[in-house]
Amino acid sequence: ITNEDWDRIHKSMIGVIENPKGTAKRLKNLKSYNIAAKSGTVELVSLDSKEDYEIVRQDILKRDHGIMIAFAPMPNPKYAISVVIENAESGGSVAGPVAVKVLNSLIKEWSKHRLKDLLFFLINTYLSPSLYYPLWDYSSYIAHHRAIST
């Protein structure tokens, strides 16, 4: 598979949420970053007509499973997730919000760690060691910071 093929696949998967015609377009406003995703259903019973499905779906345990696979944040994903919700009938509207909520939590936590690492780097690189504690003494740094900020 070529890089151009991967680019097309990723663009299509991003469109699942970002495109107004996407199968999970309702998820667009639940996050502040791009997600590459594929939503779907897993048929439990093979049927020939929509009428047959309406009869079968009266039994909750025979309803299709909802699935969502996703990775984010795009274009440099850090996390991948697969959500399967039994008998949910829809991947985009049932499994999708669960996937986005988990990704939001993971990305928020990842961002906090990146910010902390950046602050430590800046403090230890550009400020006098006599003013601040070294990187390896985080608890002393926090205690010192609290003391001077109160």
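Residues numbered from 1 in each chain as written. Predicted model: local features only at pLDDT ≥ 70, side-chain atom pairs only at ≥ 80, totals over all residues. Heavy atoms only, no water.

### Here we look at the overall build of the protein
Point 1. For the protein, the count of helices and strands is four helices and three strands.
Point 2. The linear arrangement of helices and strands in the protein, starting from the amino end, is α-β-α-β-β-α-α.
Point 3. For the protein, with 150 residues in total, the buried portion stands at 27%.
Point 4. Taking the contacts inside the protein whose residues are at least 6 apart along the sequence as the reference set, 48% of them involve residues at least 24 apart.
Point 5. For the protein, the exposed surface amounts to about 10,400 Å²; the carbon and sulfur share of it is 57%. (Helix = DSSP H or I, 4+ residues; strand = E, 2+ residues; numbered from the N terminus. Buried < 20%, exposed > 50% of the residue type's maximum accessible area, 1.4 Å probe, protein only. Contact = heavy atoms within 4.5 Å. Areas by Shrake-Rupley, 256 points an atom, 1.4 Å probe, with all protein chains shown as cover.)

### Describing the pattern of salt bridges
Point 1. In the structure shown here, the tally under the stated rule is three salt bridges.
Point 2. Note that Arg8 and Asp5 form a salt bridge whose closest N and O atoms lie 2.5 Å from each other. Residue Arg8 and its partner Asp5 are both found in helix 1 (residues 3–18); the two are separated by three residues, about one turn of the helix.
Point 3. Residue Arg8 is classed as exposed on the basis of its relative accessible area of 52%.
Point 4. On the basis of relative accessibility, which here comes to 24%, the residue Asp5 falls in the partly exposed class.
Point 5. The salt bridge involving Glu18 is made with Lys31; its shortest N-O contact spans 2.3 Å. Here the residue Glu18 occupies a position in helix 1, and Lys31 occupies one in the loop between helix 1 and strand 1 (34–42), the gap between them amounting to 13 residues.
Point 6. You can call Lys31 buried: its relative accessible area is 12%.
Point 7. Via salt bridges that share partners, Glu18, Lys28 and Lys31 belong to a single interconnected network. (Salt bridge = Lys/Arg side-chain N within 4 Å of Asp/Glu carboxyl O.)

### As for a nonpolar patch on the surface
Point 1. A grouping of Ile1, Trp6 and Ile9 is seen on the molecular surface, where their side chains present a nonpolar patch of about 320 Å² in accessible area.
Point 2. If you trace the backbone, Ile9 turns up in helix 1. (Patch = residues over 30% accessible without salt bridge, like charges linked within 9 Å, V, L, I, M, F, W, Y side chains within 5 Å.)

### Digging into the confidence of the model for the protein
It should be kept in mind that the predicted coordinates are not to be read in detail where pLDDT is low.
Point 1. Chain-level statistics for the protein give a pLDDT mean of 80 and a share of 77% at 70 or above.
Point 2. Helix 1 holds the highest mean pLDDT among the elements of the protein, 95, whereas helix 4 (residues 138–149) holds the lowest, 51.
Point 3. Ignoring residues within four places in sequence, the model shows residues 128–138, a span with pLDDT below 50, making 14 contacts including any to other chains. (pLDDT = per-residue confidence, 0-100.)

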